[in-house]
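Commentary on secondary and tertiary structure
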Amino acid sequence: MRTFFPSESCKESQLNALNPQSWLQVERGKVSKLSSNSNSNSSSSSSSFRSYSSIESLIKVPEPPILPFYKPVDYVEVLAQIHEELELCPPQEQSNLYLLQFQVFRGLGEVKLMRRSLRAAWQKANSVHEKLVFAAWLKYEKQGEDHISDLLSSCGKCAQEFGPVDVLAQFPVDGEASTHQTISMGGNKMSRNVSFKIEDEKIVCDRQKISSLSAPFDAMLNGCFSESLSEDIDLSKNNISASGMKEINEFSKTGSLGEVPPHLLLEILAFANKFCCEKLKDACDRKLASLVSSRDDAVELMEYALEENCRVLAASCLQVFLEDLPNCLNDNRVVELFKHADREQRSIMVGPGSFSLYCLLSEVAMNIDPQSDKTACFLERLVEFSENDRQRLLASHQLGCLRLLRKEYDEAKRLFEEALTAGHIYSVAGLARLDYIKGHKVWSYEKLSSVINSVIPLGWMYQERSLYCEDDKKWEDLEKASELDPTLTYPYMYRAATLMRKNNSQAALAEINRVLGFKLALDCLELRFCFYLTLEDYKSAICDVQAILTLCPDYRMLEGRVAASQLRTLVREHVENWTTADCWLQLYDRWSSVDDIGSLSVIYQMLESDEAKGVLYFRQSLLLLRLNCPEAAMRSLQLARQHASSEHEKLVYEGWILYDTGHCEEGLRKAEESIKIERSFEAFFLKAYALADSSQDPSCSSTVVSLLEDALKCRSDRLRKGQALNNLGSVYVDCAKLELAADCYINALKIRHTRAHQGLARVHFLKNDKAGAYEEMTKLIEKARNNASAYEKRSEYCDRELTKTDLEMVTQLDPLRVYPYRYRAAVLMDSHKEKEAIAELSKAIAFKADLHLLHLRAAFHEHTGNVMGALRDCRAALSVDPNHQEMLELHSRVNSHEP
């Protein structure tokens with residue numbers, strides 16, 4: 001469910017500790033609302049379901065892949081270095097630094113930050129070529145979002161932020177030839193005109209006008225050559241036709257080309273190049289560039305551009321190719337152009353942007369097929385075009401990963417060693433795998449042990465080392481991996497599968513549920529599905545496979561052998577069919593118990609019926625947002641729009657699409673349009689939501705209340721009315737109308753809106769009934785399937801020891817929630833345990849690039865006099881959010897103390 005206002009944990013908390021608030025006040029930011037053909041290849045549907053029921057065939061946990069990402073040991077240090085260099089470097093180097101920053105965030109899995117870095121690279125691009133590359137990259141990253149641009153256009157807002165570049169305007173007009181002075185030979189009597197004979201035709205030209213086209217023509221017609229005394233000159237052997245020469249003559253008089261057909265332009269271009277007619281060549285270059293409108297045009301004309309050194313034309317052709325990613329990489333003609341361009345041709349085609357171009361091409365090619373020849377070729381060129389150690393280590397590591405996949409082991413070893421030498425410690429994982437493949441398991445173990453002993457260890461190091469040991473040692477390494485980096489899924493999966501093989505199904509499910517409680521990973525869902533099959537718990541199995549299909553409709557299971565949709569068909573034979581009424585009852589049960597995966601499954605099943613699909617897809621989007629799956633949520637919202645049963649319903653879904661992509665005012669406008677057609681619950685709800693978020697005026701609260709009351713008067717189901725009552729209660733709390741707020745929350749609870757316990761607890765607390773608040777949150781914890789946030793909120797309503805216990809439980813349930821680390825660190829700092837406080841923050845920073853964690857650690861460093869540590873954290877935090885005002889102030893203060 002979308003959060004109507006910032007969550008309570010983001011507001012001022014009343015925590016019973018020594019005084020952690022003095023530290024937690026360092027940063028209390030607002031939480032983002034977006035926390036960021038199979039059947040044809042499947043086995044026959046008539047296959048026996050029992051054929052999949054063997055434990056060994058079902059419960060397989062593949063080794064974690066060596067990821068083709070830049071994964072520095074200390075990403076904070078690297079981000080800080082990049083930020084410092086950005087402040088000092090010349091403008092032409094900034095885009096490459098932002099590209100490196102993008103690669104760091106990519107290794108951390110921070111999609112929003114990746115896109116922001118790409119946008120910065122695009123904004124700071126120092127050449128038209130780099131602008132084209134980064135614009136195309138941003139467009140590629142936003143594939144499937146065309147509907148958002150269309151919606152913005154319907155609101156009268158230009159959405160083409162990364163639209164086609166006006167290439168001609170980016171290149172200055174070449175005026176060199178226009179200033180050329182003709183030579184006057186006073187001793188010769190030259191005719192004013194000169195005739196150029198081409199085949200059987202003569203073209204009469206003004207001698208001085210033609211002379212002004214270039215120094216060679218001037219020397220020929222006005223210099224000491226015999227042609228200066230001739231009135232007729234034969235140009236038949238210079239690959240120019242009479243038609244072409246007529247256009248050149250016209251250009252010499254007017255300085256511009258008329259409507260010249262492309263084939264003639266190419267002829268004139270070659271002639272201009274031969275006779276050094278720079279202004280004429282520039283005109284041809286621009287004219288041809290304006291004619292490039294398709295991939296076929298671009299393929300043909302790029303060859304001419306490279307041959308004749310036409311930079312404007314080459315840039316136009318490049319733009320056509322890049323605008324058509326990834327499709328253009330399925331065209332061998334395009335691939336060949338990129339593969340075989342030599343140094344001079346690359347300079348013409350992409351100027352100084354070779355590394356960024358081939359970085360993009362490699363990325364796209366890897367996503368199409370990470371083992372293909374074209375991917376290999378692009379990565380080889382990327383290595384070749386690397387200009388420094390950072391670029392070299394990334395390119396070498398990526399190519400090493402490809403060679404490993406292709407079983408080209410000797411070459412993979414060389415590349416991983418190059419990356420390691422350049423400073424990429426993560427590449428040691430590739431070298432360890434290669435040793436293991438060659439039968440040297442002990443060497444693999446020793447490589448990882450050496451790394452663990454020489455640097456601050458990270459989770460991936462223990463995970464990788466676990467592959468090369470057995471039994472207790474393996475288990476210990478995987479436990480350490482999870483402790484250092486709980487985002488790694490392999491340790492949970494391995495432990496769960498091991499427990500399942502030992503017939504300890506309860507412990508196995510508990511282990512896999514640990515990770516699914518905070519990270520909805522498809523491979524973990526698949527493993528749990530397999531557990532349920534083994535246990536013949538088909539109701540639970542179908543729940544998981546339907547959740548998988550909601551997230552990824554084309555997902556393939558069992559090592560890619562079987563489509564998930566087919567496995568669902570097989571499992572359904574063992575599950576009782578639900579009626580529409582059954583589905584609604586099940587949905588209410590799961591929604592009220594905050595079982596989001598179960599709710600997703602029920603909605604998936606309901607979508608097969610004749611229910612109003614628009615409403616169901618909308619419900620689906622709410623759940624996916626709650627589960628932190630924004631891309632899948634947007635896909636569901638788009639489907640809701642497509643299946644809307646009326647125009648006013650469609651406008652509401654369009655409003656949510658706009659709102660969820662940061663276009664709040666446009667979303668508000670869609671809500672108002674919908675209300676004009678028909679007064680509906682969802683339209684009023686959207687308007688209230690968007691207005692509360694977009695208005696800074698406190699007086700808008702009364703309008704929001706009115707809108708929510710209007711919504712509650714309209715027809716809707718209890719699920720949504722419970723949400724509206726909960727949100728109305730939040731508004732009343734903010735207005736200090738506690739009795740009205742309590743009534744809203746109690747009414748929401750009567751219709752099983754379980755989350756209203758949190759609002760009611762807040763009311764109790766504000767009435768100085770701390771025990772009542774604690775009891776209310778305890779009820780939520782008992783009812784909710786996913787209750788990490790409930791423990792976090794309850795921690796505000798108890799004494800110090802219970803607070804500590806609740807926050808430890810939060811970290812167990814969801815180690816990605818940062819508030820518990822900050823609270824514990826603040827308590828330690830107040831107890832003058834500075835090292836322990838900083839270590840508590842560092843533990844979370846190691847796997848989560850969080851602004852608030854970095855800000856607090858920077859403040860701790862400043863407090864202890866560690867200026868360099870504070871400055872490093874400030875710079876890294878400003879890489880995460882360059883415009884954060886408090887961070888900028890802290891950075892300025894610390895920077896003034898730097899020695």
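Residues numbered from 1 in each chain as written. Predicted model: local features only at pLDDT ≥ 70, side-chain atom pairs only at ≥ 80, totals over all residues. Heavy atoms only, no water.

Quick notes on the overall build of the protein
Regarding its fold elements, the protein presents 50 helices and 5 strands. Considering the protein as a whole, with its 899 residues, one finds that 55% of them fall into the buried category. (Helix = DSSP H or I, 4+ residues; strand = E, 2+ residues; numbered from the N terminus. Buried < 20%, exposed > 50% of the residue type's maximum accessible area, 1.4 Å probe, protein only.)

Looking at the confidence of the model for the protein
This prediction gives the protein a mean pLDDT of 88; 90% of its residues lie at or above 70. By mean pLDDT, helix α2 (residues 38-41) is the weakest element of the protein at 38, and helix α25 (residues 459-466) is the strongest at 98. Under a pLDDT of 50 for its full length, residues 1-18 has, in the predicted model, 71 contacts with residues more than four places off or in other chains. When the criterion is pLDDT under 50, residues 26-53 qualifies, and its contacts beyond four places in sequence or with other chains add up to 70 contacts. (pLDDT = per-residue confidence, 0-100. Contact = heavy atoms within 4.5 Å.)

Some remarks on the packing of aromatic side chains
With the rule as written, the count across this model stands at 25 aromatic pairs. Between F134 and W137 the ring centres are 6.5 Å apart and the planes differ by 10°, which places this aromatic pair in the stacked class. Taken together, the positions of F134 and W137, both in helix α7 (residues 128-141) and 3 residues apart, correspond to about one turn of that helix. With respect to class, F134 is no different from W137; both count as buried. Aromatic side chains F217 and F275 sit 4.9 Å apart centroid to centroid with 15° between the ring planes, which places their arrangement in the stacked category. Of this pair, F217 sits in helix α11 (residues 215-222) while F275 sits in the loop between α13 (262-274) and α14 (278-290), and the two are 58 residues apart along the sequence. In this structure, F217 and F275 share a single accessibility class: buried. Here a set of aromatic residues connected by ring pairs shows up, and it is made of F618, Y653, W656, Y659, F681, F685 and Y689. A cation over a ring is seen here: R626 above W591, with NZ or CZ 5.4 Å from the ring centre. (Phe/Tyr/Trp six-rings, centres within 6.5 Å; stacked < 30°, edge-to-face > 60°. Lys NZ or Arg CZ within 6 Å of the ring centre and 35° of its normal.)

A look at helix α42 (residues 756-766)
Residues lying three or four places apart along an α-helix face the same way, a consequence of the helix completing one turn every 3.6 residues. Of all 11 residues in α42, 9 are buried, a share of seventy percent or more. Buried within α42 are the following residues: A756, H757, Q758, G759, L760, A761, R762, V763 and F765. In the core, the buried residues of α42 are packed alongside α40 (718-734), α41 (738-750), α43 (770-783) and α44 (788-794). Count one or two residues on from α42 and you reach N768, which has phi positive near 65°.

Here's the deal with the packing of helix α28 (residues 505-516) against helix α29 (residues 522-534)
It is the contact of α28 with α29, at a shortest axis distance of 10 Å, that shows an interaxial angle of 155°. One finds that α28 runs roughly antiparallel with respect to α29. Our pair here, α28 against α29, has a crossing hand that is left-handed. Contacts between α28 and α29 pair A508, L509, I512, N513, V515 and L516 from the former with C524, L525, L527, R528, F531 and Y532 from the latter. Within the contact of α28 with α29, the residues separate by chemical class into 10 nonpolar, 1 polar and 1 charged. (Axes fitted to C-alpha atoms, helices over the stretch in contact; angles between N-to-C directions. Parallel < 35°, antiparallel > 145°, perpendicular 65-115°, else oblique. Left-handed = near helix turned anticlockwise from the far one by under 90°. Nonpolar A, V, L, I, M, F, W, Y, C, P; charged D, E, K, R; others polar.)

Topic: the sheet that holds strand β2 (residues 201-206)
Sheet architecture is open: 3 strands sit in the order β2-β1-β3, paired in mixed fashion. Edge positions in the sheet fall to β2 and β3 (232-234), since each has one partner strand and no second. For this sheet, the mean inter-axis angle between neighbouring strands, taken without regard to orientation, is 30°. Note: strand β1 (residues 193-198) against β3, 3 bridges, orientation parallel. Each residue of the ladder has a partner; that of S195, found in β3, is D232. Where helix α12 (residues 242-254) meets the sheet, its contacts fall on β1 and β2, and the angle it forms with β2 comes to roughly 10°. (Pairing = 2+ DSSP bridges.)

Quick look at the pattern of salt bridges
This structure, assessed with the given rule, holds 54 salt bridges. K246 is the salt-bridge partner of E201, the closest N and O atoms lying 2.7 Å from each other. In this pair, E201 is assigned in strand β2 and K246 in helix α12, connecting sequence segments 45 residues apart. A salt bridge links R295 to D331; the nearest nitrogen and oxygen atoms lie 3.3 Å apart. Of the two residues, R295 sits in helix α15 (residues 295-308) while D331 sits in the loop between α16 (311-323) and α17 (332-340), which places them 36 residues apart along the sequence. The buried category is assigned to D331, whose relative accessible area is 10%. Residues participating in the shared-partner salt-bridge network are R295, D296, D324, D331 and R333. (Salt bridge = Lys/Arg side-chain N within 4 Å of Asp/Glu carboxyl O.)

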